[in-house]
Amino acid sequence: MNLGILIRIGALAVLILSGSGCAFRDLWNDAGVENFNEPADSPNLRLYKNRGQKDLLVVYDEYSERHDSIRPRAYWLFQNQNRIENRRRPDFVSVKVAKRLTSVPVFSETNGPADIENLPLYALGSTNHYFFSLYSDGNERRFMLPVYSD
């Protein structure tokens, strides 16, 4: 075989391999597939209140599709409602903020205590892990946990 043909075949092989590698990388990165962050299958929902503040701290476990990992997250519930309803990333705060707050009882829809109606403030996590209901003095409000594009 002559040297010119070998050089052409080698150059063609380099172009094919480098081109398809880039296309494959882009397909799985930002340009190709959208990744989401959402509550983990077991979100381990916790709520906290601050005596002087009218907002509640929501702490939950979040699953990241991009990193295939779970990590704890915290955000102020009412301050971030519009962002969450519009499927935007909430303004997260440190989970350590919860240490100085008072815990709010959180039950699953299937395991609340018999006298649950007597509690002034409590929450029920839904079985689908995307929502929870907050009960305050007999009133119920339903909230969605964050689901947003990464």
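The structure under discussion appears in the preceding block.
Keep in mind it's a predicted model, so treat the numbers as computed, not measured.

## Some points on the overall build of the chain
Helix and strand content of the chain: two helices and 11 strands. Going residue by residue from the N terminus, the α and β elements of the chain occur as α-β-β-β-β-α-β-β-β-β-β-β-β. By the burial criterion, 34% of the 150 residues in the chain qualify as buried. For the chain, restricting intrachain contacts to residue pairs at least 6 apart in sequence, the fraction spanning at least 24 positions comes to 43%. With an accessible surface of roughly 9,900 Å², the chain has 53% of that area assigned to carbon and sulfur atoms.

## Side note on unusual backbone geometry
Positive phi, normally seen in glycine, also occurs at N44, with a value near 50°. Topologically, N44 is positioned in the loop between strand 1 (36–39) and strand 2 (46–49). Here the phi dihedral of D68 falls at roughly 50°; this positive angle occurs in a residue that is not glycine. Within the element layout of this structure, D68 appears in the loop between strand 3 (56–64) and strand 4 (69–76). Judged by its relative accessible area of 57%, D68 is exposed.

## Describing the packing of aromatic side chains
Using the criterion set out here, one finds seven aromatic pairs in the structure. Ring pairs connect the aromatic residues Y60, Y75, F92 and Y148, which therefore count as one cluster. Residue placement shows R73 over the ring face of F92; its charged tip is 3.9 Å from the ring centre. One residue, R142, lies across the ring of F131, its end atom 4.4 Å from the ring centre.

## Thoughts on the sheet that holds strand 10 (residues 139–144)
In spatial order, the strands read 7-8-9-10; together these four strands make up an open sheet with mixed pairing. Edge positions in the sheet fall to strand 7 (106–108) and strand 10, since each of these pairs with one other strand and no more. Between one strand axis and the next, the sheet turns through 25° on average, direction left out of account. In this sheet, strand 10 lies alongside strand 9 (residues 131–136) in antiparallel orientation, the contact comprising six bridges. By the bridge assignment for strand 10, Y135 is matched with E140.

Basis of the calculations
Residues numbered from 1 in each chain as written. Predicted model: local features only at pLDDT ≥ 70, side-chain atom pairs only at ≥ 80, totals over all residues. Heavy atoms only, no water. Helix = DSSP H or I, 4+ residues; strand = E, 2+ residues; numbered from the N terminus. Buried < 20%, exposed > 50% of the residue type's maximum accessible area, 1.4 Å probe, protein only. Contact = heavy atoms within 4.5 Å. Areas by Shrake-Rupley, 256 points an atom, 1.4 Å probe, with all protein chains shown as cover. Phe/Tyr/Trp six-rings, centres within 6.5 Å; stacked < 30°, edge-to-face > 60°. Lys NZ or Arg CZ within 6 Å of the ring centre and 35° of its normal. Pairing = 2+ DSSP bridges. Axes fitted to C-alpha atoms, helices over the stretch in contact; angles between N-to-C directions.

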